[in-house]
Amino acid sequence: MATSTLGRRSAGTGAAPARRPPRGLPGWVAPVASIGVPVAVLVAFVLLPLVFVGVYSFYSLNEMSGLMQTDFWVGNYREVLSSDIYRRVLWRTFQIAGAATLLALVVAYPMAYALGALVDPRRQGVLVLLVIVPFWTSYIVRTFSWIGILQRDGFLQDALGWVPGLPTDLLYSRAAVLIGFVHVFLPLMILPIYASVRNLDRRLLEAAHDLGSPPWRTFLRVTLPLTLPGVVAGLVLFFIPCFGSFVTPQLLGGTGDLMMGNVIATQFGEAFNWPLGAALSIVMTLIVVVGLAIFFRFADVDQVYG
Amino acid sequence: MARAAMRAGGGTAARGGQGRGPDRGALGRRLLLVYAALVYGFLFLPILLVMVTSVNPDGRATFPPPGVTDRWYRDLVSDDQMLEAFRTSLTVGAIVALVATVLGLLAAWGLSRYTFRFKRGVRALFYLPMLVPGVVGGISLVIWFNRIGLASGFWTIVIAHVVHALPYTLTLILTSFYGFDRRLEEASRDLGAGEWSTFRRVTLPLVMPGVIGGALLAFTLSFDEFVLTFFVAGGGVQTLPLVIFSRIRFELSPVINAAAAVVIAVSVLVLLSGQLAGWARARRQA
């Protein structure tokens, strides 16, 4: 695998005969071990398992015994794509993940703008760290925290129940799922937008101002287009985990709001239809891959991680 | 913590408003900063609320809390299932931190040093676990462990967590590999040090911040991991997030708040200590 080694010889002593250590291991051991061992682990426990999800998605269940048959059968995919139940789940998953993503964009953009354009750069480090800190706490715990807030007679009712018209009994509803998603994944939306706002050339904004452009037009014609890579990155990075989510709808959503992740989990946990679950997983993975293709095509990756 | 965030936000609001550009937008800017403070509140308040509720005598998130109690923590300490799961989570986390850091160190060393065919593919493979949806990753491992005849339990959890943490530890360690002066290693070799002693006495100390950060991150990623664990754990072994999840679904008792507060405290303290150590080192070198 490792065919050549670079940076072995010191630049300054190029003329001197390379001093190979007389003792020690042959030259190929270090590269093969350093790259080879982690690659082997990932092939064994990521790549091959994923390949076998694909293989299993073509297996079938024996009608009589309920046991899996190792044949080649496209019926699982036919069922996923043609059955009403799975089409509805797929569509609902798109709707919920899409709505959460748009909501997160609306919440995150002004925040990211304030962080990247209005705050003293020397303070940005700490404030960005504060955006990341919630990410350090368990997904389960952060989702759980909303149960106490949204449940009947919960925190929201106690603290804001006097506000007329404010719905306070939200647990096990679509709204609860959306709130949960926005809360849990918001940093994924804020950080790439923040990065593109920070890289914004402020002289362009001043030029627009000097030329008499009103602020809203400057925003639409200068700021927004220039931060679009960050926005696209945020949309994709946020959408993907929502789309694949299984915990949030399980804990916060109603029984009618189950998403694709829940249906896949059911095929493995309760229905014991592994081939169908595998086919659903392949469909989900393909959708995620399309999302990532958009990400790498339109988002400026170096800028996002720069 | 939320209050600290808001205070920080408020402080910058005052500063940001001064002498920057035309004053016409000052109000808009101030509103934006207030809004940013509210978003910090949105991010932190629910987490804070769990901690407050864990000492609330009502046992749920009532407002205002009628007092303070340690009752739920006493319940937690006498809850054998929770304690067992806590121990399991700590043990798994420690093993995962060790293994993921060693693998990440190997990979970072190789990636920063050699060029070879398929390097882009290898790099993509290293980041693949980050991109696979949790549910898909989970069932792929269930299928695979079933296929190769590995019974689910402690070690399947460890394997799943190592794979989950590796991209993150690799990223951190790789950053520190690209961040130091390669000529130091050349100098060491020119002075007669072998490959191994150069690594041990020059390279490793230089990348140590990334290694320690990677290990701490791997520990917390493992400690908090739920989805993969849910699939690969089987019936016998349970980590703390698994127990919390099943309690939420089936009984929603106040002891969950205490357990959740412990989970928050462990990961935040571990990662904050890493961050502070990093800052302290940077200051010492500056």
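Residues numbered from 1 in each chain as written. Chains lettered and ligands numbered in written order. Predicted model: local features only at pLDDT ≥ 70, side-chain atom pairs only at ≥ 80, totals over all residues.

The interface is formed by 78 residues belonging to chain B together with 82 residues belonging to chain A. A per-class count over the side of chain B that touches chain A returns 55 nonpolar, 12 polar and 11 charged. (Contact = placed C-beta atoms within 7 Å. Nonpolar A, V, L, I, M, F, W, Y, C, P; charged D, E, K, R; others polar.)

Omega for the peptide link from Phe63 of chain B to Pro64 of chain B comes to -10°, which places this bond in the cis form. Along the chain, the position of Pro64 of chain B falls in the loop between helix H2 (26-53) and helix H3 (71-77). Backbone geometry at Phe272 of chain A places phi at a positive 50°, although glycine is not the residue there. Structurally, the position occupied by Phe272 of chain A is in the loop between helix H11 (260-269) and helix H12 (274-298). One non-glycine residue, Phe118 of chain B, lies in positive phi territory at about 65°. C-beta crowding within 10 Å serves as the criterion here: with 12 such atoms nearby, Phe118 of chain B is assigned to the exposed category. (Helix = DSSP H or I, 4+ residues; strand = E, 2+ residues; numbered from the N terminus. Buried ≥ 20, exposed ≤ 12 C-beta atoms within 10 Å, placed from the backbone.)

To continue, consider helix H5 (residues 119-131) of chain B. Here H5 of chain B contains 13 residues, and its C-alpha end-to-end distance of 19 Å stays within 8% of the 18 Å for a straight helix at 1.5 Å per residue. At Leu125 of chain B, H5 of chain B shows its maximal kink, close to 30°; a proline, Pro129 of chain B, follows between one and four residues later. Of all the positions in H5 of chain B, only Val122, Phe126 and Pro129 of chain B are classed as buried. As for H5 of chain B, its buried residues are in contact with helix H1 (29-56) of chain A together with helix H4 (80-113), helix H6 (134-148) and helix H7 (154-178) of chain B. (Expected span 1.5 Å × (residues − 1). Bend = angle between axes of the 7 residues up to and from the residue.)

Turning our eyes to something else, we now look at the domain arrangement of chain B. Residues and elements named next belong to chain B. In terms of domain boundaries, chain B breaks down into domain 1 (2-53) and domain 2 (74-285). Each of domain 1 and domain 2 has a C-alpha centre, and the two are 33 Å apart. Taken together, the residues of the side of domain 1 that touches domain 2 sort by class into three nonpolar, one polar and no charged. (Domains from an automatic or database assignment.)

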